[in-house]
Amino acid sequence: MKAFKRYFALALGLALAGGLAHAQTQLSGPYLWVIAPTEDGMNGSEAIVIDQLSIATDGAVTEDGVAVNGANEGDQVGDYAWTSIALPDNGDINAMLVEAGVTDNAGLDRVSSYALIDLDSPSAQENVLLSTGSDDAIKVWLNGEVVQEVAANRGRARYQESVRVSLKAGMNRVLVKVSEGVGGWGMHFGINADFTAGGVEYMRDPVLDSVPGENIAGPWLWMIALSGGLNGPQAIDIDLLAEASGGAVTEEDIANRGAREGAKVGDLEWTAGEIATEYTNTADNPNGNANALAVDLGFTENADLNNVGLYGYIVFDVGQRMETVMHVGSDDSVKVWLNGEVVWTHAVGRGASDVIDAFPVTLQAGYNRVLMKVTEGGGGWSFYAAMDEMVEFQTSTSVDPAGKATTSWGALKAQR
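Residues numbered from 1 in each chain as written. Predicted model: local features only at pLDDT ≥ 70, side-chain atom pairs only at ≥ 80, totals over all residues. Heavy atoms only, no water.

### Regarding the sheet that holds strand E12 (residues 186–192)
Stage number 1. Pairing is antiparallel across the open sheet formed by three strands, whose spatial order is E10-E7-E12. Sheet topology places strand E10 (161–167) and E12 at the edges, where each strand pairs with a single neighbour. Going across the sheet, the axis of each strand differs from the next one's by a mean of 25°, ignoring polarity.
Stage number 2. Pairing geometry for strand E7 (residues 125–135) and E10, over six bridges, is antiparallel. Looking at E10, one finds that serine 131 is bridged to serine 162. (Pairing = 2+ DSSP bridges. Helix = DSSP H or I, 4+ residues; strand = E, 2+ residues; numbered from the N terminus. Axes fitted to C-alpha atoms, helices over the stretch in contact; angles between N-to-C directions.)

This is how it looks when you write it as structure tokens:
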């Protein structure tokens, strides 16, 4: 985890200094901008497929030509010239143009904007995430090729769609067109990759790119402990194992040294079992997979147990050290330890039918101890965990899995 801690500390510090940003943040530029009117009565979805640059210059300048060859600040396109302007965080193109002196009309309609920027990539990067939002329609060229086109009449949000693209080493040219009918007019744009643009260094955010693999059924080693009437957020940072055992067993003990099947915690024993990996809401299981597990393992006969915590302990065995992403879901709050260190805490009251949270982790080569805790107040109680779909690993309930049930999640992934 130390490597990712350094990554995020560096990103935060330099972002505050204005020199670096996470790549999922909006690409602010500055871009070279130019605008061109569209035909009277034409909406954004109609205009996005028409080359307004060509119309404004009688064919002297074209969208495809700019997408390949770029433009120079001050070059004229009809009644307007390419102008260097940074995109505001709220994405409001019209307000941006007024503030920059391009127009004094705060309510321009029937118009398209073009934003041109070059990205400097330190290496070739495959399958990175390009995300857009717009009011109204949007079209994106990357190195002369159209990679995104949304012919829609809509209000903007960040972000409304994403597509996978590849960057080449060195300069990558981006042209973004937004066609507006009437009313609002804006753009949001970002690429989740490592690159420099407009004097800002952007860093790929691994969490944004991660896709969860199969939810992990186990077997895990399980334990429950009552929380003394506290709800999920109140109980998540209280050591319920220590309270149940009079201090004989602690969360720190288990997180660092592991659990052992049959070992006592108060009146209960660590018990191996698999948990349902899909959400069900039936007469036999109305309150989530965690409550159903507690009943199945004989921890309780109460099918609607409240104010309680569920602990799951498991070992991941991986072939090499890797920086990756873990995904979890919980009803209500959740806390995760990896090799004795807390890597995620989310004190929240919520429902969950699958994984929700994602966070970076560093797995060491060989065995990795994972302890996950879910604290519940009232109502549903659920527990979900997965690793990034690209991670191949085995699970067991011990760092010495001989004679223990193991599951190869790489094999499961290959069968999908």
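### Quick look at the nonpolar core
Stage number 1. Residues Leu27, Tyr31, Trp33, Val176, Met187 and Phe189 are the most contacted members of the largest nonpolar core, which totals 35 residues.
Stage number 2. For this core, the element with the most residues is strand E6 (residues 111–121), which contributes four residues.
Stage number 3. Once residues within four sequence positions are removed from consideration, tryptophan 33 is found in contact with Ala81, Trp82, Thr83, Ile85, Leu87, Ile93, Met96, Ser113, Tyr114, Ala115 and Met187.
Stage number 4. Core analysis: the second largest hydrophobic core is formed by 34 residues, Ile224, Val328, Val343 and Val361 among them. (Core = buried A, V, L, I, M, F, W, Y, C linked by side-chain atoms within 4.5 Å. Buried < 20%, exposed > 50% of the residue type's maximum accessible area, 1.4 Å probe, protein only. Contact = heavy atoms within 4.5 Å.)

### What about the pattern of salt bridges?
Stage number 1. This structure, assessed with the given rule, holds 11 salt bridges.
Stage number 2. When the shortest N-O distance is used, the salt bridge between aspartate 118 and arginine 173 registers 2.9 Å. With aspartate 118 in strand E6 and arginine 173 in strand E11 (residues 170–180), the pair connects residues that are 55 residues apart, well separated along the chain.
Stage number 3. Residue classification places aspartate 118 among the partly exposed positions, given a relative accessible area of 33%.
Stage number 4. Here aspartate 237 and lysine 335 are joined by a salt bridge, their closest N and O atoms 3.1 Å apart. Here aspartate 237, found in the loop between helix H7 (232–235) and helix H8 (240–245), pairs with lysine 335, found in strand E21 (residues 333–338); they are 98 residues apart in sequence, far enough to count as distant.
Stage number 5. Exposure remark for aspartate 237: the relative accessible area of 53% places this residue in the exposed category. (Salt bridge = Lys/Arg side-chain N within 4 Å of Asp/Glu carboxyl O.)

### Side note on the side chain of serine 227
Stage number 1. Checked against the element boundaries, serine 227 lands in the loop between strand E15 (220–226) and H7.
Stage number 2. Among the residues examined, serine 227 registers a relative accessible area of 4% and is labelled buried.
Stage number 3. A polar atom in the side chain of serine 227 sits 2.9 Å from the backbone oxygen of leucine 230.
Stage number 4. What serine 227 contacts, discounting residues up to four positions off in sequence, is Ala235, Leu240, Asn307 and Val308. (Polar contact = N/O pair within 3.5 Å; in protein donor to acceptor, adjacent residues only side chain to side chain.)

### Re helix H10 (residues 289–296)
Stage number 1. Across the eight residues of H10, six count as buried, placing the element largely inside the fold.
Stage number 2. Listed in full, the buried residues belonging to H10 are Asn289, Ala290, Asn291, Ala292, Leu293 and Ala294.
Stage number 3. The secondary structure elements touched by the buried residues of H10 are E15, strand E19 (308–318) and strand E25 (382–387).
Stage number 4. With its phi angle positive at about 80°, glycine 298 sits one or two positions after the end of H10.

### Notes on the pairing of E7
Stage number 1. Burial analysis of E7 places nine of its 11 residues in the buried class, the great majority of the element.
Stage number 2. As paired elements, E7 and E12 share seven bridges and run antiparallel to each other. In the sheet register, threonine 132 faces E12, and the bridge partner there is phenylalanine 189.

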